[in-house]
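# Commentary on secondary and tertiary structure
Now for the letters of each chain:
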Amino acid sequence: MVELGLTVFGIIGSVLLSFAFLPQCYRMLSTKSARDISAYYVLILVAGSFCLTVYGYGIADVIVFILNLYATLANAELLLLKLYYDSSEKTGRSQSHEK
């Protein structure tokens, strides 16, 4: 019974971490800006969730594997948005200085 409780607790935690990127992603898409988030932070999230994905595969735990694979892909999307909006802001600034 204790093991089942811990499994449910672990699943809830994995789901929460998997969807934690959504508010930040929504904000980036809404404001079209990524100034307020660190690329290093997102890179560490991608690396950590990737490690947990490999771990889930290694222990043959489908739930850990799937949730962390999703988190890895979602955080990678967040990183790509960060890089895209940062480069757009730099390009916009450099063009405005040329005028």
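Preceding this paragraph is the structure being described.
Residues numbered from 1 in each chain as written. Predicted model: local features only at pLDDT ≥ 70, side-chain atom pairs only at ≥ 80, totals over all residues. Heavy atoms only, no water.

## Regarding the packing of aromatic side chains
Let me state the cut-off plainly: What counts as a ring pair is set by centres within 6.5 Å for rings of Phe, Tyr and Trp (its six-membered ring), and what kind of pair is set by the plane angle: stacked under 30 degrees, edge-to-face over 60, tilted for all other angles. Counting from the N terminus, the helices are DSSP H or I runs at least four residues long and the strands are E runs at least two residues long. Relative accessibility thresholds used throughout: buried, under 20% of the residue-type maximum; exposed, over 50%; partly exposed, between the two (1.4 Å probe, protein chains only).
For the structure on display, the rule yields 4 aromatic pairs. With a centroid separation of 5.2 Å and 45 degrees between ring planes, the pair formed by Phe19 and Tyr70 is classed as tilted. Placement of the pair is Phe19 in the loop between helix H1 (2-18) and helix H2 (22-31) and Tyr70 in helix H4 (residues 62-98), with a sequence separation of 51 residues. Since its relative accessible area comes to 39%, Phe19 is described here as partly exposed. Overall, the relative accessible area of 32% leaves Tyr70 in the partly exposed class. Aromatic side chains Phe21 and Tyr70 sit 6.1 Å apart centroid to centroid with 65 degrees between the ring planes, which places their arrangement in the edge-to-face category. Taken together, the residues Phe21 in the loop between H1 and H2 and Tyr70 in helix H4 connect sequence positions 49 residues apart. For Phe21, a relative accessible area of 7% gives the class buried. Taken together, the ring pairs in this structure connect Phe19, Phe21 and Tyr70 into an aromatic cluster.

## Observations regarding the layout of surface pockets
Rules: Computed over the protein atoms alone on a 1 Å grid, cavities are sets of points where a 1.4 Å probe fits but cannot get out and pockets are open sets with protein on both sides within 12 Å along at least five of seven lines; a residue lines them when it has an atom within 4 Å of a point. Grid points are joined across faces, edges and corners, and a volume is the space filled by probe spheres set on the points. Note that Gly is not counted as nonpolar here; it falls among the polar residues with everything else outside the nonpolar set of Ala, Val, Leu, Ile, Met, Phe, Trp, Tyr, Cys and Pro and the charged set of Asp, Glu, Lys and Arg.
Empty space within the largest pocket amounts to approximately 210 Å³. Taken together, 14 residues make up the lining of the largest pocket; nearest its centre are Leu17, Ala20, Tyr41, Leu45 and Asn75. Of all the secondary structure elements, the ones that give two or more residues to the lining of the largest pocket are helix H3 (39-58) and H4. Broken down by element, the residue count for the lining of the largest pocket peaks at 5 residues, all from H3. Taken together, the residues of the lining of the largest pocket sort by class into 9 nonpolar, 5 polar and no charged.

## Observations regarding unusual backbone geometry
Of note in the backbone geometry, Lys32 takes a positive phi value of approximately 55 degrees without being a glycine. Secondary-structure assignment places Lys32 in the loop between H2 and H3. Phi is positive for Ala60, which is not a glycine, with a value near 60 degrees. Here Ala60 shows up in the loop between H3 and H4. With relative accessibility at 64%, the residue Ala60 sits in the exposed group.

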